[in-house]
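Breakdown of the fold
Each chain, letter by letter, is given below.
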Amino acid sequence: MNIEIWSIEGNRQSLDGGAMFGNVPKALWSRWIEPDDQNRIPLACRALLARLEDGRQILFETGIGAFFEPKYRERYGVIESEHVLLASLEAAGTSHEAIDAVVLSHLHFDHAGGLLSPWSEDAPPKLLFPKARFIVGREAWERAVQPHPRDRASFIPELPKLLSESGRLEIVEGESSSWLGESVRFEFSHGHTPGLMLSEIGGAGGVAFCADLIPGTPWVHLPVTMGYDRFPECLIDEKRRFLTDKVKRGVRLFFTHDPAVAMACPIRDERGRFSVENPRARVSALRLDD
């Protein structure tokens, strides 16, 4: 399996810890991630870059980016004003112009905002990644086009139009993309948002991009969900099935929001509780058969 992967850091956020940990008491979650004096915790917005056997470069998500104007950047706790993802791609030896496809689990702004150019007072944001196909699941796309009042503020109003007009949008309804082939397999979750598309790269022994099903290592524990999740009990059931499968087949987990861990191996103890081992803060040119 000649597939290589990199963790690609994007702009970071500071968000309310209570919102990120749902009904978990602060006395417990603050042991996992220490909050600041405003009760906010640091979060990554990390992407995964995969170079497939045929040389195509696939980016899984783009993070929050730098499209927000200053007042909204402050409101949503975006730390850097520059587009960090672009610099991280360059550090990995590539660029947004060279990416062949961007796979989006869903279109909330902290996962898709990096598709856009940095905020400018003089011009509206433009779509980056000029040759990439944009791959998104059907239900996630429909949610972005017609958002529910509960999460309307989580979407970028102009983004669906920009993606449609690019002529490079691919909407997925099954387990695979005709363009990506068998190297990437999709499964879907509905507890966080309708049709959250989870990507597994490389099959057994490969890596799964967990998106907001499991934002980071503390959320591997089954009862831990976010206040942002639409159906927490549904998400817990989905997470149990997902983790059981990944442990059985030796698939590693890739985390987008964990501030310290990009990838780890899921394990299950004799009591049936899930956790992780062999955490890695970053990944660089890792062959999936290593």
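The preceding data block contains the structure.
Summarised in this report is the structure supplied together with it.

1. With respect to helix α4 (residues 84–91)
For α4, the full list of buried residues reads Val84, Leu85, Ser88 and Leu89. In a view along the axis of α4, the buried residues occupy a sector of 135°, so they form one face of it. Packed against the buried residues of α4 are β1 (4–8), β4 (47–51) and β5 (57–60). Backbone geometry just downstream of α4 places Gly93 in the positive-phi region, at approximately 85°.

2. Re the sheet that holds strand β15 (residues 286–287)
As summarised here, the arrangement of the seven strands in space is β8-β7-β6-β5-β4-β1-β15, forming an open sheet in which the pairing is mixed. One side of each edge strand has no neighbouring strand; the edge strands of this open sheet are β8 (169–172) and β15. Direction of pairing for β1 relative to β4: antiparallel, over a ladder of five bridges. Bridge assignment links Ser7 to a residue of β4, and that residue is Leu48. Sheet contacts for helix α6 (residues 138–145): β7 (133–137) and β8; angle to β7, the most-contacted strand, approximately 95°.

3. Some words on the packing of α6 against helix α7 (residues 159–166)
Close contact between α6 and α7 brings their axes to 9 Å; oriented N to C, the two are set at 125°. Taken together, the axes of α6 and α7 are oblique relative to one another. Contacts from Trp141, Ala144 and Val145 of α6 reach α7 at Pro160, Leu163 and Ser164. Of the residues that constitute the contact of α6 with α7, the class distribution is five nonpolar, one polar and no charged.

4. Focus on the pairing of β8
Only one face of β8 is buried, namely the one carrying Glu170 and Val172, since none of Leu169 and Ile171 on the opposite face is buried. Pairing geometry for β7 and β8, over four bridges, is parallel. Counterpart to Ile135 in the pairing with β8 is Glu170.

5. Some words on the nonpolar core
Counting 54 residues, the largest nonpolar core has Ile5, Phe21, Leu48, Phe60, Ile201, Ile214 and Phe242 as the members making the most contacts within it. Ile64, Ala92, Leu115 and Val136 belong to the second-largest nonpolar core, a separate cluster that totals 34 residues.

6. Description of the packing of aromatic side chains
Overall, the coordinates contain nine aromatic pairs when judged by the stated rule. Judged by centre distance (6.3 Å) and plane angle (35°), the rings of Phe68 and Tyr72 are tilted. We classify Phe68 as buried; its relative accessible area is 11%. Members of the aromatic cluster, connected to one another through ring pairs, are Phe67, Phe68, Tyr72, Tyr76 and Phe109. When the ring centre of Trp179 is taken as reference, the NZ or CZ atom of Arg56 above it lies at 4.4 Å. In this structure, Lys246 packs its charged tip against the face of Phe242, placed 4.6 Å from the ring centre.

7. What to know about the side chain of Thr256
Relative to the helices and strands, Thr256 resides in the loop between β12 (252–254) and β13 (263–268). A polar contact is formed between the side chain of Thr256 and the backbone oxygen of Arg46, at a distance of 2.8 Å. Filtering out sequence-adjacent residues up to four positions away, Thr256 remains in contact with Ala44, Cys45, Arg46, Glu61, His111, Phe209, Ala211 and Pro215.

8. Structural notes on the pattern of salt bridges
Tallied over the full model, the rule gives 20 salt bridges. Note that Arg240 and Asp237 form a salt bridge whose closest N and O atoms lie 3.3 Å from each other. Separated by three residues within a single helix, Arg240 and Asp237 lie in helix α8 (residues 232–249), roughly one turn from each other. Judged by its relative accessible area of 36%, Arg240 is partly exposed. In this structure, the salt-bridge partner of Asp289 is Arg287, at a minimum N-O distance of 2.9 Å.

9. What to know about unusual backbone geometry
The backbone of Asn278 shows a phi angle near 55°, a positive value even though the residue is not glycine. Take Asn278: it is sitting in strand β14 (residues 274–280). Backbone geometry at Ala285 places phi at a positive 50°, although glycine is not the residue there. Residue placement: Ala285 occurs in the loop between β14 and β15.

What counts, and at which threshold
Residues numbered from 1 in each chain as written. Predicted model: local features only at pLDDT ≥ 70, side-chain atom pairs only at ≥ 80, totals over all residues. Heavy atoms only, no water. Buried < 20%, exposed > 50% of the residue type's maximum accessible area, 1.4 Å probe, protein only. Helix = DSSP H or I, 4+ residues; strand = E, 2+ residues; numbered from the N terminus. Arc of directions from axis to C-beta. Contact = heavy atoms within 4.5 Å. Pairing = 2+ DSSP bridges. Axes fitted to C-alpha atoms, helices over the stretch in contact; angles between N-to-C directions. Parallel < 35°, antiparallel > 145°, perpendicular 65-115°, else oblique. Nonpolar A, V, L, I, M, F, W, Y, C, P; charged D, E, K, R; others polar. Core = buried A, V, L, I, M, F, W, Y, C linked by side-chain atoms within 4.5 Å. Phe/Tyr/Trp six-rings, centres within 6.5 Å; stacked < 30°, edge-to-face > 60°. Lys NZ or Arg CZ within 6 Å of the ring centre and 35° of its normal. Polar contact = N/O pair within 3.5 Å; in protein donor to acceptor, adjacent residues only side chain to side chain. Salt bridge = Lys/Arg side-chain N within 4 Å of Asp/Glu carboxyl O.

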